[in-house]
Amino acid sequence: MDSVTEIFIQNLTYHHDPSAPASLRDVNISLPKSSRTLLIGANGAGKSTLLQILAGKRLVTSEGAQILIKGRDVFRDSPPGVTHLGTEWAMNPVVRGDIVVEHFLNSVGGYRHKERRDRLLDILDVDLDWHMHAISDGERRRVQLCMGLMQHWDVLLLDEVTVDLDVQVRDDLLSFLKEDSERRSATILYATHIFDGLNKFPTHIAHMRFGTFLTKPTPWPIAPAERSLGHAVGVPDLSLFRIALQWLREDREHRRELEKAGRKTRGARRDQDVPSSSEAFYKKYDYSH
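Calculation rules
Residues numbered from 1 in each chain as written. Predicted model: local features only at pLDDT ≥ 70, side-chain atom pairs only at ≥ 80, totals over all residues. Heavy atoms only, no water. Helix = DSSP H or I, 4+ residues; strand = E, 2+ residues; numbered from the N terminus. Contact = heavy atoms within 4.5 Å. Areas by Shrake-Rupley, 256 points an atom, 1.4 Å probe, with all protein chains shown as cover. Lys, Arg positive; Asp, Glu negative; His and termini not counted. Charge placed at Lys NZ, Arg CZ, Asp CG, Glu CD. Pairing = 2+ DSSP bridges. Axes fitted to C-alpha atoms, helices over the stretch in contact; angles between N-to-C directions. Salt bridge = Lys/Arg side-chain N within 4 Å of Asp/Glu carboxyl O. Buried < 20%, exposed > 50% of the residue type's maximum accessible area, 1.4 Å probe, protein only. Parallel < 35°, antiparallel > 145°, perpendicular 65-115°, else oblique. Left-handed = near helix turned anticlockwise from the far one by under 90°. Nonpolar A, V, L, I, M, F, W, Y, C, P; charged D, E, K, R; others polar. Patch = residues over 30% accessible without salt bridge, like charges linked within 9 Å, V, L, I, M, F, W, Y side chains within 5 Å. Phe/Tyr/Trp six-rings, centres within 6.5 Å; stacked < 30°, edge-to-face > 60°. Lys NZ or Arg CZ within 6 Å of the ring centre and 35° of its normal.

Caption draft 1: Expanded view of the overall build of the chain. Along its length, the chain carries seven helices and 10 strands. If one aligns the C-alpha atoms of the chain with their principal axes, the spans along those axes are about 65 × 60 × 45 Å. Taking all contacts inside the chain whose residues are at least 6 apart in sequence as the whole, residues at least 24 apart take part in 67%. When the accessible area of the chain is evaluated, it comes to approximately 15,700 Å², of which 49% is carbon and sulfur surface. In the chain, 39 positive and 40 negative side-chain charges are present, and the distance between their average locations comes to 4 Å.

Shown next, in the form of structure tokens:
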């Protein structure tokens, strides 16, 4: 790992369950310092699992695997300055209690980062007098982002945390993150399914499918010489939305080919002649007619 590499992963294979197929298979990537990389892939591609591993939240025991941030092992020598923000936070009953936002932020050190905290309060349009139990999921998400970003970070791992935000707040937040990353040479790895307004945000894009990188982190915008490599074939324009849509369509077609070859199928079971046990039960006790 050289001095300009911020995130380095080698020979990573990960199983949620030893008896189940691998959730991540033979992942080998490196990301340079101050890069902003978008992870693109269908639900279940392994994006969240990868981010949780980088955050040190899932232990990897596979022999030969290396997961380094800033040259330090994320499990045995945890690097400072790594922030992970995921969607599960807003569902935690602890943050749904009757606590005032101002008190909540101060309880996690907001008073130590007042200038940066106040700027985020303005960007995210947060009311310090909100009560956490009485606000919407989107407003709770804004509080999470303020809490997670008010302290300086070197590596930011974002797992679809803008999904609850309105368009204006999301755009203002992404502008702040881009400017913050450039000014402090900080690194962002961002998994998202929302690509509107993102064309100028990333420095790299990557495509995950079934736990592997089909396209490793590639500089964005895609250079003309690379447009024939497969990830932009057939795309009428090179917007992130069009490329992501193309990749996800290819993912679905690939999965359907695997289903024809014997993989368990998704969708409706139109060829099922015998009713399932649940169908037979609810037909017997269906009083809706």
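From this point, the narrative continues.
Caption draft 2: Expanded view of the sheet that holds strand β1 (residues 5–14). With antiparallel pairing, four strands are arranged side by side in an open sheet as β2-β1-β4-β5. Looking at the sheet topology across the chains shown, the edges are occupied by β2 (24–32) and β5 (72–73). Together, β1, β2 and β4 (66–69) form the strand contacts of helix α1 (residues 47–54), whose direction differs from that of β1 by roughly 115°.

Caption draft 3: Seen up close, the pattern of salt bridges. Scanning the entire structure with this criterion turns up 22 salt bridges. Notably, a salt bridge pairs Asp125 with Arg142, separated by 3.9 Å at the nearest N-O pair. Here Asp125 is found in the loop between α3 (114–124) and α4 (137–149), whereas its partner Arg142 is found in helix α4, with 17 residues between them in sequence. Exposure remark for Arg142: the relative accessible area of 11% places this residue in the buried category. Across the pair Arg142 and Asp166 runs a salt bridge, and its minimum N-O distance is 2.8 Å. Taken together, the positions of Arg142 in helix α4 and Asp166 in the loop between β7 (155–159) and α5 (167–184) put the pair 24 residues apart, joining distant regions of the chain. Members of the salt-bridge network, linked through shared partners, are Arg116, Arg119, Glu179, Asp180, Arg183 and Arg184.

Caption draft 4: Examining the packing of α3 against α4 more closely. Contact geometry for α3 and α4: axes closest at 9 Å, N-to-C directions at 155°. Judged by the inter-axis angle, α3 sits roughly antiparallel to α4. Considering only the axes of α3 and α4, their crossing is right-handed. Residues Arg116, Arg117, Leu120, Leu121 and Leu124 of α3 form the contact with α4, whose own contacting residues are Arg142, Leu145, Cys146 and Leu149. Within the contact of α3 with α4, the residues separate by chemical class into six nonpolar, no polar and three charged.

Caption draft 5: Structural context of the environment of Gln52. Locating Gln52 in the fold gives a position in helix α1. Residue Gln52 is classed as buried on the basis of its relative accessible area, which comes to 16%. Setting aside its immediate chain neighbours within four residues, Gln52 contacts Lys57, Arg58 and His84.

Caption draft 6: Expanded view of a nonpolar patch on the surface. On the surface, a cluster of nonpolar side chains totalling about 550 Å² of accessible area is made up of Phe281, Tyr282, Tyr285 and Tyr287. Topologically, Tyr282 is positioned in helix α7 (residues 277–284).

Caption draft 7: Representation of the pairing of strand β9 (residues 204–209). Of all six residues making up β9, six are buried, and the element is well covered by its neighbours. By the alternation rule, side chains of β9 split into His204, Ala206 and Met208 and Ile205, His207 and Arg209, which are all buried. Pairing of strand β3 (residues 36–40) with β9 involves four bridges; the strand directions are parallel. By the bridge assignment, Leu39 is partnered in β9 with Ala206.

Caption draft 8: Region of interest: the packing of aromatic side chains. Taken as a whole, this structure holds one aromatic pair when the rule is applied. Between Tyr190 and Phe201 the ring centres are 6.2 Å apart and the planes differ by 80°, which places this aromatic pair in the edge-to-face class. Placement of the pair is Tyr190 in strand β8 (residues 187–191) and Phe201 in the loop between β8 and β9, with a sequence separation of 11 residues. The same class applies to Tyr190 and to Phe201, which are both buried. Arg36 extends its terminal NZ or CZ atom over the ring of Phe201, reaching a point 5.8 Å from the ring centre.

Caption draft 9: Summary view of the sheet that holds β8. Taken together, the six strands give an open sheet; going across it, the order is β6-β7-β8-β3-β9-β10, and neighbouring strands pair in mixed fashion. The open sheet terminates on both sides in strands that have one partner only, identified here as β6 (82–85) and β10 (212–219). Averaged over all pairs of adjacent strands, the angle between their axes in this sheet comes to 15°, without regard to strand direction. Together, β3, β6, β7, β8, β9 and β10 form the strand contacts of α1, whose direction differs from that of β7 by roughly 150°.

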